[in-house]
Amino acid sequence: MTVVLILMALFGLLLLRVPVAFALGGLGLGLLLAGGFSPLMAPQAVFSTLDGFILLAVPLFLLMSNVLLKGGVGADLFAAVQAWVGHWPGGLAVATILSCAIFAAISGSSVATAATIGTVAIPEMISRGYRKDFVYGLLAAGGTLGILIPPSIPMIVYGFITEESVIALFLAGIGPGLLLTALFVAFAMVHARFLGGQEKMPAATWPERLRASRRALPSLALAALVIWGIYSGAFTPTEAAAIGFAAAIVITGFILRTLTWRAFREAAMEAMLTTVAILLIIAGAKIFGKAITLYRIPQEISAFISQTIETGAVFIIVVAVVLLIMGLVFEALSMVLIMTPVLLPAAMGLGFDPIWFGIFMVVMVECALITPPVGLNLYVIQAVARARMGEVARGVLPFLVLMLLTAAALFFVPDIALYIPFKL
Amino acid sequence: MSFVPATLFALLTRVCAGIGAALFVAAGAMLTYEVVARYFFTAPTIWAAELSQLCLIWGTLLSMAYVLAHGRHIAVDAVAGRLPYAVRRVTETLALGVVAVFSGFVVWYGSKIFWDSFERGRTTGSMLDLPSWLAELPVPVGFAVLGIQAVLSMRNAWAGRFLTAGHGEGEA
């Protein structure tokens, strides 16, 4: 009963449009006071959230990707990939997906990935005769690679609240990220072969390819450096983010010479705005998490689940459905923060690996974000392309099916995620 | 409340946000230096990790009010955005009221924590052994500024000037 009341209060506050951070924090504080627990836990939770070294990676990764964005790296990347694969069947579509995958390795956010690549790719593809709905779906889906391929802000957050290794999570995201990339590329080629009406692009000449690649090379090297550094243990994710930020300044400021002082200041302010919004939600979720744990709610839900749900498969389907529904109103981070403390104990009780569960959550959360009629990534594409929601929604469906298939594959073959961190 | 204090306050939050952004950049510089010092000079620092963490704490808490004023705290717009004006005016004011009340509580209890550490001269016990209150003070300070901002925004919301929808650009 308490569970239902608390959830109703939470959703009530959220629908009132109390910012997620303060809805969680405020309700958490209210519960602490009502239950006779020390309200000092509220400021302590704020403090201890910000005192986490791993969360320092959030502003630094955001600084890195914002500096690269302002330096126009998105267009360079797309041009380079296009020079290599543009003449394939559906070449521009393939180039778009590959650019998203590469950009995902320098950005921790699906919204940023979809917006960056979308800005260049959408007009280009439409002018070459690709069907609009296909283009929009492609971008909305391509953006989801942003948080699956490391670095990934939701994974940092998941690692922080569950005290699991962020490095392991990052590495576990690579397999499913590559699988999805391959599926998207294959679908784009099949679509172009049978349904496309696009003009065929001539193959770029070798000098053109080399020229385009030379401009994209520094960013590619940066992506490789960040992933290599984390993988080899040369630096922590937070340090990797700092190095990435410094390298982004060097690349855009001194090598490409595209970053102005003004653009740098804008990038810093933009990173600050997003960081503060993200970190406060985490702090709010921490207060809320503390309070509901003192009310023994995760324990009760976990017990309820283990009594009523007997197999892992059923549990996973329930989780998937719950996340898809939540995706109607929430963005990725809030979903991860609200659901993880509630679901993870039950998942572990059923024998799921916490790293695997984190990756599964990220995939499902991403599905939720592109599931029509409502989803954050749909809005982004709609805004970038000035498109109608109907077109975006129609285009996204085949990609959504591919993502759900990936989620299913992840369930049947957990090694898609776990092989790289634990068995390689 | 007269017009001038509100403008001054907007200036204050802007300056705080600028400092916040600069602190994040500084944290990046410190940690880059740390890695370079460790690998190229085999001389890791004792200060980089701790000071960069302080940058994160101060930077975030100082910037909260600015983020609220610019409607960039992530919120659920699915319902509130579609309400008729008269209803929305009430819900928006109430929503900001929640932020104000929450801030008030955090200022009160956060000050207690700060004051306790300050009075007892508690230190972090780390390499730098900084006073603990250095990291605890920004909690009441930041939430005090946020609380004032929330009250000012309540006044605006009541007058029909809503914070714009928070589909932040870069969030996950």
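Note that this is a predicted model, so its numbers are computed, not measured.

Definitions and limits used
Residues numbered from 1 in each chain as written. Chains lettered and ligands numbered in written order. Predicted model: local features only at pLDDT ≥ 70, side-chain atom pairs only at ≥ 80, totals over all residues. Heavy atoms only, no water. Helix = DSSP H or I, 4+ residues; strand = E, 2+ residues; numbered from the N terminus. Rg over C-alpha atoms; globule rule 2.2 N^0.38 Å. Buried < 20%, exposed > 50% of the residue type's maximum accessible area, 1.4 Å probe, protein only. Contact = heavy atoms within 4.5 Å. Lys, Arg positive; Asp, Glu negative; His and termini not counted. Charge placed at Lys NZ, Arg CZ, Asp CG, Glu CD. Phe/Tyr/Trp six-rings, centres within 6.5 Å; stacked < 30°, edge-to-face > 60°. 1 Å grid on protein atoms, 1.4 Å probe; cavity = no way out; pocket = protein on both sides within 12 Å on 5 of 7 lines; lining within 4 Å. Points joined across faces, edges and corners; volume = space filled by probe spheres on them. Nonpolar A, V, L, I, M, F, W, Y, C, P; charged D, E, K, R; others polar. Salt bridge = Lys/Arg side-chain N within 4 Å of Asp/Glu carboxyl O. Core = buried A, V, L, I, M, F, W, Y, C linked by side-chain atoms within 4.5 Å. Axes fitted to C-alpha atoms, helices over the stretch in contact; angles between N-to-C directions. Parallel < 35°, antiparallel > 145°, perpendicular 65-115°, else oblique. Left-handed = near helix turned anticlockwise from the far one by under 90°. Expected span 1.5 Å × (residues − 1). Buried area = accessible area lost by both parts, 1.4 Å probe. Polar contact = N/O pair within 3.5 Å; in protein donor to acceptor, adjacent residues only side chain to side chain. Patch = residues over 30% accessible without salt bridge, like charges linked within 9 Å, V, L, I, M, F, W, Y side chains within 5 Å. Areas by Shrake-Rupley, 256 points an atom, 1.4 Å probe, with all protein chains shown as cover. pLDDT = per-residue confidence, 0-100.

J.: What should I look at first to understand the overall build of chain A in this one?
T.: Looking only at helices and strands, chain A features 20 helices and zero strands. For 424 residues, the compact-globule estimate of 2.2 N^0.38 gives 22 Å, and the C-alpha radius of gyration of chain A, at 21 Å, lies within 12% of that figure. Projected onto the principal axes, the alpha-carbon positions of chain A cover approximately 70 × 45 × 45 Å. By the burial criterion, 62% of the 424 residues in chain A qualify as buried. Across chain A, contacts joining residues at least 24 apart in sequence account for 78% of those joining residues at least 6 apart. The centroid of the 21 positive side-chain charges in chain A is displaced by 11 Å from the centroid of its 18 negative side-chain charges.

J.: Would you mind going over the packing of aromatic side chains with me for this structure?
T.: The geometry of an aromatic ring pair is captured by two quantities: the separation of the ring centres and the angle between the planes. Tallied over the entire structure, the rule returns 26 aromatic pairs over all chains. Cluster of aromatic residues (ring-pair linked, three or more members): Phe315(A), Phe352(A), Trp356(A), Phe357(A), Phe360(A), Phe411(A) and Phe412(A).

J.: What's the story with the side chain of Thr144(A) in this structure? I'm lost.
T.: Along the polypeptide, Thr144(A) turns up in helix H8 (residues 132–148). Among residues more than four places away in sequence, those in contact with Thr144(A) are Ser110(A), Phe184(A), Glu366(A), Ile370(A), Asn377(A) and Met403(A).

J.: Got a minute to help me understand empty space enclosed by the protein in this structure?
T.: Gaps left between atoms show up when a probe the size of a water molecule is rolled over them. Using the criterion set out here, one finds three cavities of 30 Å³ or more in the structure. Its residues assigned to classes, the lining of the largest cavity shows six nonpolar, three polar and three charged. A volume near 40 Å³ is recorded for the second largest cavity. Along its surface, the second largest cavity is lined by Ala21(A), Phe22(A), Val46(A), Leu280(A), Ala283(A), Gly284(A), Ile287(A), Phe102(B) and Phe143(B). The element contributing the most residues to the lining of the second largest cavity is helix H13 (residues 261–294) of chain A, with four residues. Residue composition of the lining of the second largest cavity, grouped by class: eight nonpolar, one polar and no charged.

J.: How should the pattern of salt bridges be read in this particular structure?
T.: Side-chain pairs of opposite charge can arise where the charged atoms are in close proximity. Inspection of the entire model under this criterion finds 14 salt bridges over all chains. Taking the shortest distance from any N to any O, the salt bridge between Glu266(A) and Lys70(A) comes out at 3.2 Å. Linking Glu266(A) in helix H13 with Lys70(A) in helix H4 (residues 57–70), this pair joins segments that are 196 residues apart in sequence. Exposure remark for Glu266(A): the relative accessible area of 35% places this residue in the partly exposed category. The partner of Arg131(A) in a salt bridge is Asp133(A), and the shortest N-O contact between them spans 3.1 Å. By relative accessible area, which is 40% here, Arg131(A) ends up partly exposed. We classify Asp133(A) as buried; its relative accessible area is 9%. Because the salt bridges share partners, they merge into one network encompassing Arg17(A), Arg88(B) and Glu92(B).

J.: What is the right way to look at the nonpolar core in this model?
T.: Within soluble globular proteins, side chains that are nonpolar tend to cluster in buried spots. In this structure, Met272(A), Phe315(A), Phe357(A) and Phe143(B) are the most contacted members of the largest nonpolar core, which totals 213 residues. It is H13(A) that provides the largest number of residues to this core, a total of 21 residues. Apart from residues lying up to four places away in sequence, Phe357(A) is in contact with Tyr158(A), Phe315(A), Ile316(A), Val319(A), Leu343(A), Leu344(A) and Ala347(A).

J.: Explain the packing of H4(A) against helix H12 (residues 237–255) of chain A to me, please; I cannot follow it from the model alone.
T.: Any two packed helices are characterised by the angle at which their axes cross and by the distance between the axes. All names here are of chain A. Packing of H4 against H12 brings their axes to within 8 Å, and their N-to-C directions diverge by 20 degrees. The pairing of H4 with H12 is recorded here as roughly parallel in orientation. Read as a crossing pair, H4 and H12 show a hand that is left-handed. Residues Ala-57, Leu-60, Phe-61, Leu-63, Met-64, Val-67 and Leu-68 of H4 touch H12, and the partners they reach there are Pro-237, Thr-238, Ala-241, Ala-242, Gly-244, Phe-245, Ala-248, Ile-249 and Thr-252. Of the residues in the contact of H4 with H12, the class split is 13 nonpolar, three polar and no charged.

J.: Explain the environment of Ala26(B) here, please?
T.: Here Ala26(B) lies in helix H1 (residues 3–40). As for Ala26(B) and Cys55(B), which are separated by 29 residues in sequence, their C-alpha atoms are 7.4 Å apart.

J.: Sorry if this is basic, but what is going on with helix H3 (residues 85–120) of chain B here?
T.: Along an α-helix, a turn takes 3.6 residues, which lines up residues three or four apart on a common side. For H3(B), spanning 36 residues, the distance from its first C-alpha to its last is 52 Å, which sits close to the expected 52 Å at 1.5 Å a residue. Downstream of H3(B) by one or two residues, Gly121(B) has phi in the positive range, about 65 degrees.

J.: I'm lost on helix H5 (residues 138–158) of chain B in this one. Help?
T.: With 21 residues, H5(B) should reach 30 Å at 1.5 Å per residue; the first-to-last C-alpha distance of 30 Å fits that figure. Gly160(B) sits one or two positions beyond H5(B) and adopts a positive phi of about 95 degrees.

J.: How should the interface of chain A and chain B be read in this particular structure?
T.: Interfaces are often sized by the accessible area lost when the parts come together. Counting residues at the interface gives 64 residues for chain A and 63 residues for chain B. The junction of chain A with chain B conceals about 5,400 Å² of combined surface from both sides, 78% of it contributed by carbon and sulfur atoms. Contact with chain B buries surface across chain A, with Arg17(A), Phe22(A) and Leu50(A) losing the most and accounting together for 15% of the total. Run the count over chain A and chain B and you get three salt bridges. With a closest N to O distance of 2.7 Å, Arg72(B) and Glu270(A) form a salt bridge. Remark: the boundary between chain A and chain B carries nine residue pairs in polar contact (both at pLDDT 80 or more). Among the secondary structure elements, those contributing two or more residues to the side of chain A that touches chain B are helix H1 (2–15), helix H2 (20–34), helix H3 (41–50), H4, helix H7 (110–127), H12, H13 and helix H18 (376–385) of chain A. The element best represented in the side of chain A that touches chain B is H13(A), accounting for 14 residues.

J.: Honestly, the side chain of Thr252(A) in this entry has me stumped. Any pointers?
T.: Topologically, Thr252(A) is positioned in helix H12. Non-local contacts of Thr252(A), meaning those with residues more than four positions away in its chain, are made with Val67(A), Leu68(A), Gly71(A), Val73(A), Arg257(A), Thr258(A) and Leu259(A).

J.: Help me out: how do you make sense of a nonpolar patch on the surface in this one?
T.: Judged by side-chain polarity, Leu15(A), Ile317(A), Val321(A), Ile325(A), Leu328(A), Val329(A) and Val79(B) come together as a nonpolar surface patch covering roughly 530 Å² of accessible area. It is helix H15 (residues 312–326) of chain A that contributes the most residues to the nonpolar patch, three residues altogether. One can find Val79(B) in the loop between helix H2 (48–69) and H3.

J.: Please clarify how the confidence of the model for chain B should be interpreted in this entry.
T.: Should pLDDT be low for a region, the predicted coordinates there are not to be read in detail. All names here are of chain B. Counting all residues, the mean pLDDT for chain B is 88, and 93% of those residues have values of 70 or more. Confidence drops under pLDDT 50 across residues 165–172; counting only partners more than four residues distant or on other chains, this segment forms 32 contacts. Both confidence scores are given for the complex: pTM 0.90, ipTM 0.91.

J.: I tried to follow unusual backbone geometry on my own but got confused; where do I start?
T.: A negative phi angle characterises most non-glycine residues, just as the trans form characterises most peptide bonds. Residue and element names in this part refer to chain A. Omega for the bond connecting Pro-150 with Pro-151 falls within 30 degrees of zero, at -5 degrees, which places this linkage in the cis form. Even without a glycine there, the phi angle at Arg-17 is positive, about 80 degrees. Within the secondary structure layout, Arg-17 lies in the loop between H1 and H2. Relative accessible area serves as the criterion here: at 7%, Arg-17 is assigned to the buried category. Unusually for a residue other than glycine, Arg-296 sits at a positive phi of about 60 degrees. Within the element layout of this structure, Arg-296 appears in the loop between H13 and helix H14 (297–308).

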